[in-house]
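# Architecture at a glance
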Amino acid sequence: KNGICTGISNFKIEENMKKVTIVIPNYNGEKYIDECFSALTKQTYKDFDVILADNGSEDNSISKACQYKDKLDLKIKKLNCNYGFAKAVNEGIRQSQAEYVILLNNDTHAGRHFVENLLKAIEMEKDVFAAQALMLQYNSPELVDSAGDYFCGLGVAFSAGKDKKASLYKKKKDIFSACAGAAIYRRKIFEEIGYFEEEFFAYLEDVDICYRAKLFGYRNIFVPDAKVLHVGSASSGSRYNEFKVSLAARNSMLLMYKNFAPWQWAVNFIPVLAGITIKAVFFTKKKLLKAYLGGIVSSFKKMGCMEKTHSDSRRLEYKKVEKELLFNILVRSGIKE
């Protein structure tokens, strides 16, 4: 079910010296390839290559992508089955030799200045790990899909601006996390803080890695001048389904387990319990309560094999991040923006 399996094929990708590598994870996304790749051929910034990290697709995704080899510096990283988002993008990042890596969902249409404006933004600020583009809804481009992701003391992750007018999001700002569907990363920092957590499979792995970056003292920003249209839920099939709800619930608990200092559990216990209750009520109405609670229960089985965030070189910014987690409760409630 959902194509999850183990094992990987060996596939060597030649080194490149481009300044930017765009990594596109793909699983049976044949119908999106043309529009996604066509938009990349029209970018104003040209010094980039593309790695398609394919999760064992059973459709014609790879052959469709290969049609763009004469227009793009394209390489294929071919996995033998579906490992999920995190494993696929990690494979692509590790194959890249570029200074910066852009992660881009296959169900997107990037604006002409997408690469150029993301690169400008991250080059200007040396303490930035990740910079996210303004993600607009494909069928309603006047509305926001994501203007940055947040995690709060309720143990809940959420996207800023979801379903709001794009005209309200015109200023660059700091965010808690960059949505990995359309964001640029400073590649060398992965060596310091680690890569995407592959045990997550999919969902919240981007919040987890940006959480880690913040603990190490880096920032994440939102860049409204870089725009993409995003279909959304291309792999999972819908905004809410059992697979997605269960994984997101599990991963929210694992994210806290990995990144909380011991004292943070005491501070956040009541807010997290409140968050679980609120979510349980919500998913009861969606007839997905069993999937949600099942995801939480399954997280406890995973914790034993999950490596916690730590640093031998410096003290992590636990207190600073905790203040942000508490403040983000107000952001989630609409009291603060």
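All of the points below concern the structure found in this document. (Residues numbered from 1 in each chain as written. Predicted model: local features only at pLDDT ≥ 70, side-chain atom pairs only at ≥ 80, totals over all residues. Heavy atoms only, no water.)

Most of strand S1 (residues 20–26) sits out of view: seven of its seven residues are buried. Here S1 shows no split at all, with Val-20, Ile-22, Ile-24 and Asn-26 on one side and Thr-21, Val-23 and Pro-25 on the other all buried. You can see the chain leave S1, run along helix H1 (residues 30–41) and come back into strand S2 (residues 48–55), and the turn it takes is right-handed. Note: S1 against strand S4 (residues 100–104), four bridges, orientation parallel. Bridge pairing links Val-20 to Tyr-100 in S4. (Buried < 20%, exposed > 50% of the residue type's maximum accessible area, 1.4 Å probe, protein only. Helix = DSSP H or I, 4+ residues; strand = E, 2+ residues; numbered from the N terminus. Right-handed = clockwise from strand over helix to strand, strands pointing away. Pairing = 2+ DSSP bridges.)

Here we take up the packing of helix H7 (residues 242–259) against helix H8 (residues 262–285). Put simply, H7 and H8 touch, their axes get as near as 12 Å, and they point 175° apart. Judged by the inter-axis angle, H7 sits roughly antiparallel to H8. Taking contact as the criterion, the partners of Val-245, Met-253, Met-256, Tyr-257 and Asn-259 in H7 are, on H8, Gln-264, Trp-265, Val-272, Ile-276 and Phe-283. When its residues are assigned to classes, the contact of H7 with H8 shows eight nonpolar, two polar and no charged. (Axes fitted to C-alpha atoms, helices over the stretch in contact; angles between N-to-C directions. Parallel < 35°, antiparallel > 145°, perpendicular 65-115°, else oblique. Contact = heavy atoms within 4.5 Å. Nonpolar A, V, L, I, M, F, W, Y, C, P; charged D, E, K, R; others polar.)

Further remarks concern the packing of aromatic side chains. For the coordinates displayed, the defined rule picks out 17 aromatic pairs. Centroid distance Tyr-185 to Phe-190: 5.8 Å. Interplanar angle 45°. Geometry classified as tilted. A network of ring pairs unites the aromatic residues Phe-85, Phe-129, Tyr-185, Phe-190, Tyr-195 and Phe-196 as a single cluster. The lysine or arginine in question, Lys-87, covers the ring of Tyr-83, its NZ or CZ lying 5.7 Å from the ring centre. The ring of Phe-158 is capped by Arg-332, whose NZ or CZ atom sits 5.2 Å from the centre of that ring. (Phe/Tyr/Trp six-rings, centres within 6.5 Å; stacked < 30°, edge-to-face > 60°. Lys NZ or Arg CZ within 6 Å of the ring centre and 35° of its normal.)

Let us now look at the pattern of salt bridges. One pass over the structure, following the stated rule, counts 19 salt bridges. Residue Lys-120 pairs with Glu-116 through a salt bridge whose shortest N-O separation is 3.1 Å. Residue Lys-120 and its partner Glu-116 are located together in helix H4 (residues 114–124), separated by four residues, close to a single helical turn. A salt bridge links Asp-208 to Lys-258, with the nearest nitrogen and oxygen atoms 3.1 Å apart. Pair noted here: Asp-208 is in helix H6 (residues 205–215) and Lys-258 is in helix H7, with a separation of 50 residues, a long-range link. For Asp-208, a relative accessible area of 0% gives the class buried. Residue class for Lys-258 comes out buried when judged on its relative accessible area of 3%. Here the residues in one salt-bridge network are Lys-77, Lys-87, Glu-91, Arg-94 and Glu-198, joined through shared partners. (Salt bridge = Lys/Arg side-chain N within 4 Å of Asp/Glu carboxyl O.)

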